[in-house]
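Chain by chain, the residues:
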Amino acid sequence: MDLTLFLILFPALVALVLMLLPDHPLRDTLIKAAALILIAGSVIFAALTLSAGGLAFSIENAGMVSLLMQVIEILIAVGLLYLSVKYRQHIVTVLVIAQTGLFLYAETLLTGHATGFAFVVDEFSVVMALIIGIIGSLICIYAVGYMKDFHAHHPEVKDNRRGFFALLFIFLGAMFGVVFTNNLMWLFFFWEITTVCSFLLIGYKWDEESQKNAFWALLLNVLGGIGFVAAFFVILGIDPTGSYLFMDTLIAAGPALALLPASLIGFAGLTKSAQMPFSSWLVGAMVAPTPVSALLHSSTMVKAGVYIIVRFAPIFEGTMTGFCFALVGGVTFLMASAVAVTQSNAKRVLAYSTIANLGLIVACAGIGTYEAVWAAVLLIIFHAVAKSLLFLCVGTVEHRIKSRDIEDMGGIIAALPRIGVMMIVGISGMFLAPFGMLISKWATLRAFVDAQHGIILVALLGFGSALTLFFWTKWMGKLIAVTGRSFENYENEISRSEFSSITTIAILTVAACMLFPLVSLYLVEPYVIGIYGHAAGLGQWNVIIMLMMLVLFLMLPLSVYHFRNSHSVVPRYLGGRAMNEKGQFLGSLGREWDIEMSNYYLTEQMQEKGLATKGNLVCIGLIVLIALTLVMGVGA
Amino acid sequence: MNILMALAYIVLAPFVGGIVVGIDRRITARMQGRVGPPLLQPIYDILKLFEKDKKIAREEISFYALCYLIFMIFTGALFFLGGDLLLVIFALTLAHVFLILAAYAAGSPYSFVGAERELIMVMAVEPMLIFVAVGFYMVTGSFDVSAVMGYGTSVIVWLPLLFIGFLYILTLKLRKSPFDISTSHHAHQELVKGLTTEFAGPTFGMVELAHLYETMLMLGIVWLFFAANPLIALLVVIVVYLLEIFIDNATARVKWPFALRSCWIAAIIFGVVNLGILAYLGGVI
């Protein structure tokens, strides 16, 4: 349908216009307008598609489109090769040549023109489209205000906002392409574009650190891309006319046929969603400006990786191969959560938390039962909303307090009250009942318990979940611990674009939880029923009780007004020492002492390096095991 | 849905809990060679706290303490209603997070460290609690407390190790030595009053009241292992509580890394192993 193509092509058009426009205030207006159009477009598209029960269509001149894609691919490869040679990134050079060469060779193996739908849009695609269209656009609006501040703070960075925003919109268009297309080669094309956007956006500052991290991200993602391309050889080997290039046909063919290509594409998914041992690129990508981290590296691009694995979940169900994928996800969840406890850099905590949650989604996809897929889609929805909120808040806070360290965020609830509250909403949304991620984790636990060999995953989830509780709560505590230094409220310095997008996403976070029964009923359950024939749920009573909790949660803050007027405030306790009006303690000889309190980071018990190494080794072992199960044919 | 039980819990738990804690204090006193306070002393103490002046270090503390109390009552009521055990555990976590936030909000050193310690404690018990719920599910096929209550045989038959693991963390939950690392009811403090240092008057009263509700909830979970044999269940609850009192008086406080590590090792040895045996030999047993 036209709206499908509009969503893919309109952002590309906007990007083109943005590249051509000179630096001018009109650009900001254009970006905001385009973003609002995308939001409206996505919502309308979702409503229309859901009421139609899904979409499937081909387009004329599909051959021309494929040819155009190949040309663009070659151009991209040339560009990447130029850069990798110029900066002496030899491994990247080799990998890009390998990927492009193999892809072009695979194209030559395609002898016929099998019939199939170029685009298939079901409820899962609609879910992803809403995330991309609404959250992605809101982040673009946020970026307008943020990047203005960014260049004011970093005069040494070349102002290339024209290219920056163009890349953001190209990326959005490519993501729509990923979730709408049914032709795996076209999917690969859009996948490639997201890799390139990520590379260029990570390297925006183009200082030594950014370059290093950008190329490392490129390296690992291209490595995954080679796995993707390898799948084409298998698919075309089965049928050279390319009938199994259509995802729905491939999945319908069942594990006997599809397990090997699904695993190869799944490997690509693992790299894109930064599962161990490929996690380091995502952590390194945090050097990019915050909108990049929010958009690509938490809510959208990395979701493309898990999207593709969840698509193949029916193939992985009940297989040893699928279970090994699930273990990769589960081990990643545990290890990444453990590392997050030791980090005080806010963006790194968010990065590791993202990796951990993606691990849970991969674990669900690897199990592949109807319960697990239901949990996986819920995880995708709620994680995207809450995590993007947190990234945007951290970005705003960082510009105000000039630091990314959680230890410097003490008492931020007094200095930036509304941002502080929204950060608390975001953090609560990541792990507290009755918010979305808790619901998703609950669903995940149920899926694990019912799965074969699921006990291992239950154990990983139990311990990992305890760790996530720890680092989120201590962050929340830091935000509300006002130690008495006088805080002027400098919230009016925050730009309107930042404020409005953060507030909107915060409202969405709460709304998504309140509307969870509807979200499940109209968006997720139809997809699950369509594949497995029956739906999962948490039980009617549980949903009611959770809604009660949410209402309580939202109403209880009203009691603050009651407490405000009825209590008299007295000084804090420090062994009986006196306190002055500024909240400092009075020492001997009239000296005044500030209080410095810092969180536990458990660094004696856990170290980032050690945990990452152990996690990487285990997961490398698991990937080898995946390969073994495929070779020995014991997969199914 | 057992509404009567839930209502009975909401209304009676403070009194029954108060008497239980009162018995605790008397027996503890006797073990220490003292006479001990009257049996209803805990209730008298809480009533006295509510009569005191409303003084607080920061107003938000009272808000968080109220949330802790409300959600603790909610959690217990959900449990006695026969609801989903996983949701009970998650709601319990939520309640504890509010308590921890109350201590953080004070912005005072002892309170802050107490909050960190309490967070360590919550992290230490979380895996075991989840495994308990999963264990009940594997035996009865449902996460609902009402299903366990209605099950023909006491689930302890299949979950003996799990029970021992739960007893291990029960010490932590009841704030008994050697795991009273964040705050303690006894006079052997480490951090002044740790977590509750900045709580006073009615605010502190709410926290103490919530602790009574929590105690009854924990004893309820102990009961659940023997649900099909009520008399034995009652006996076990009494013996377990006496055992906890004994351990409390016989041990010294441990360091928090040890507490965390040992609880997690207990969760693996008793929890995961029991669940594993059930998963793989469940068909045989």
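Values in this document were obtained by computation on a predicted structure and should not be read as measured data. (Residues numbered from 1 in each chain as written. Chains lettered and ligands numbered in written order. Predicted model: local features only at pLDDT ≥ 70, side-chain atom pairs only at ≥ 80, totals over all residues. Heavy atoms only, no water.)

## Remarks on the overall build of chain B
Looking only at helices and strands, one finds 10 helices and 1 strand in chain B. Seen in sequence order, chain B has helices and strands lined up from the N terminus as α-α-β-α-α-α-α-α-α-α-α. The globule rule puts the C-alpha radius of gyration for 285 residues at 19 Å, and the 19 Å found for chain B is close to it. Its C-alpha atoms put chain B at 60 × 40 × 40 Å along the principal axes. Of all 285 residues assigned to chain B, the portion counted as buried reaches 63%. A separation of at least 24 residues holds for 76% of the contacts in chain B among residues at least 6 apart in sequence. Looking at chain B, you have 17 positive and 18 negative side-chain charges, and the mean spots of the two groups are 8 Å apart. (Helix = DSSP H or I, 4+ residues; strand = E, 2+ residues; numbered from the N terminus. Rg over C-alpha atoms; globule rule 2.2 N^0.38 Å. Buried < 20%, exposed > 50% of the residue type's maximum accessible area, 1.4 Å probe, protein only. Contact = heavy atoms within 4.5 Å. Lys, Arg positive; Asp, Glu negative; His and termini not counted. Charge placed at Lys NZ, Arg CZ, Asp CG, Glu CD.)

## Describing the pattern of salt bridges
All names here are of chain B. Enumeration over the complete set of coordinates arrives at 15 salt bridges over all chains. Where Glu214 meets Lys173, a salt bridge forms, and the shortest distance between an N and an O atom there is 3.7 Å. Of this pair, Glu214 sits in helix 8 (residues 201-224) while Lys173 sits in helix 7 (residues 160-173), and the two are 41 residues apart along the sequence. The same class applies to Glu214 as to Lys173, namely buried. Taken together, the salt bridges that share partners define one network made up of Asp24, Lys176 and Asp248. (Salt bridge = Lys/Arg side-chain N within 4 Å of Asp/Glu carboxyl O.)

## Examining the interface of chain B and chain A
Across the boundary between the two partners, chain B contributes 67 residues, which contact 60 residues of chain A. Carbon and sulfur atoms make up 79% of the surface buried where chain B meets chain A, a total of about 5,800 Å² over both sides. Counting across the chain B and chain A interface gives 1 salt bridge. The closest approach of N and O atoms between Arg446 of chain A and Asp84 of chain B, which form a salt bridge, is 2.8 Å. The tally of links between chain B and chain A comes to 11 residue pairs in polar contact (both at pLDDT 80 or more). Counting residues per element, the ones that place at least two in the side of chain B that touches chain A are strand 1 (55-56), helix 3 (59-81), helix 4 (85-105), helix 5 (109-140), helix 8 and helix 10 (256-281) of chain B. For the side of chain B that touches chain A, the element with the highest residue contribution is helix 5 of chain B, accounting for 17 residues. The residue makeup of the side of chain B that touches chain A, split by class, is 50 nonpolar, 7 polar and 10 charged. For strand 3 (residues 568-569) of chain A and strand 1 of chain B, the ladder comprises 2 bridges, and the chain directions are parallel. Within the sheet, the bridge partner assigned to Val569 of chain A lies in strand 1 of chain B and is Ile56 of chain B. (Buried area = accessible area lost by both parts, 1.4 Å probe. Polar contact = N/O pair within 3.5 Å; in protein donor to acceptor, adjacent residues only side chain to side chain. Nonpolar A, V, L, I, M, F, W, Y, C, P; charged D, E, K, R; others polar. Pairing = 2+ DSSP bridges.)

## Quick notes on the side chain of Glu214 of chain B
Note on Glu214 of chain B: relative accessible area 1%, which makes it buried. Those residues within four positions of Glu214 of chain B in sequence are excluded, and the remaining contacts are Tyr68, Met72, Leu92, His96 and Lys173 of chain B.

## Description of the packing of aromatic side chains
In this structure the tally under the stated criterion is 53 aromatic pairs over all chains. Geometrically, the ring pair formed by Tyr142 of chain A and Tyr146 of chain A is stacked, given 5.6 Å between the ring centres and 25° between the ring planes. In this pair, Tyr142 of chain A and Tyr146 of chain A both sit in helix 5 (residues 123-153), 4 residues apart, roughly one turn of the helix. For the residue pair Tyr142 of chain A and Tyr146 of chain A, the accessibility class agrees, reading buried in each case. A centroid spacing of 6.3 Å and a plane angle of 55° characterise the contact between Phe553 of chain A and Phe71 of chain B, whose relative ring orientation is tilted. Here Phe553 of chain A, found in helix 24 (residues 540-555), pairs with Phe71 of chain B, found in helix 3, and the two come from separate chains. One aromatic cluster in this structure is built from Phe435 and Phe553 of chain A together with Phe63, Tyr64, Phe71, Phe74 and Phe98 of chain B. The ring of Trp191 of chain A carries Lys272 of chain A above its face, with NZ or CZ at 5.2 Å from the centroid. (Phe/Tyr/Trp six-rings, centres within 6.5 Å; stacked < 30°, edge-to-face > 60°. Lys NZ or Arg CZ within 6 Å of the ring centre and 35° of its normal.)

## Side note on unusual backbone geometry
Backbone torsion omega between Met276 of chain A and Pro277 of chain A reads 5°, so that peptide bond is classified as cis. Mapped onto the secondary structure, Pro277 of chain A falls in the loop between helix 10 (255-272) and helix 11 (280-284). Omega for the peptide link from Ser177 of chain B to Pro178 of chain B comes to 0°, which places this bond in the cis form. Tracing the sequence through the fold places Pro178 of chain B in the loop between helix 7 and helix 8. Not every positive phi belongs to a glycine, and Ala274 of chain A is a case in point at roughly 55°. Here Ala274 of chain A lies in the loop between helix 10 and helix 11. Phi is positive for His453 of chain A, which is not a glycine, with a value near 55°. Counting through the fold element by element, His453 of chain A comes out in the loop between helix 20 (436-450) and helix 21 (454-480). Given a relative accessible area of 27%, His453 of chain A falls into the partly exposed group.

## Digging into the layout of surface pockets
Residues and elements named next belong to chain A. Approximately 1,200 Å³ is the volume found for the largest pocket. Taken together, 37 residues line the largest pocket, and the ones lying closest to its centre are Ile76, Leu167, Ile170, Ile193 and Cys197. Contributions of two or more residues to the lining of the largest pocket are made by helix 1 (2-20), helix 3 (62-86), helix 6 (161-180) and helix 7 (184-202). Residues of the lining of the largest pocket, tallied by class, amount to 30 nonpolar, 5 polar and 2 charged. (1 Å grid on protein atoms, 1.4 Å probe; cavity = no way out; pocket = protein on both sides within 12 Å on 5 of 7 lines; lining within 4 Å. Points joined across faces, edges and corners; volume = space filled by probe spheres on them.)

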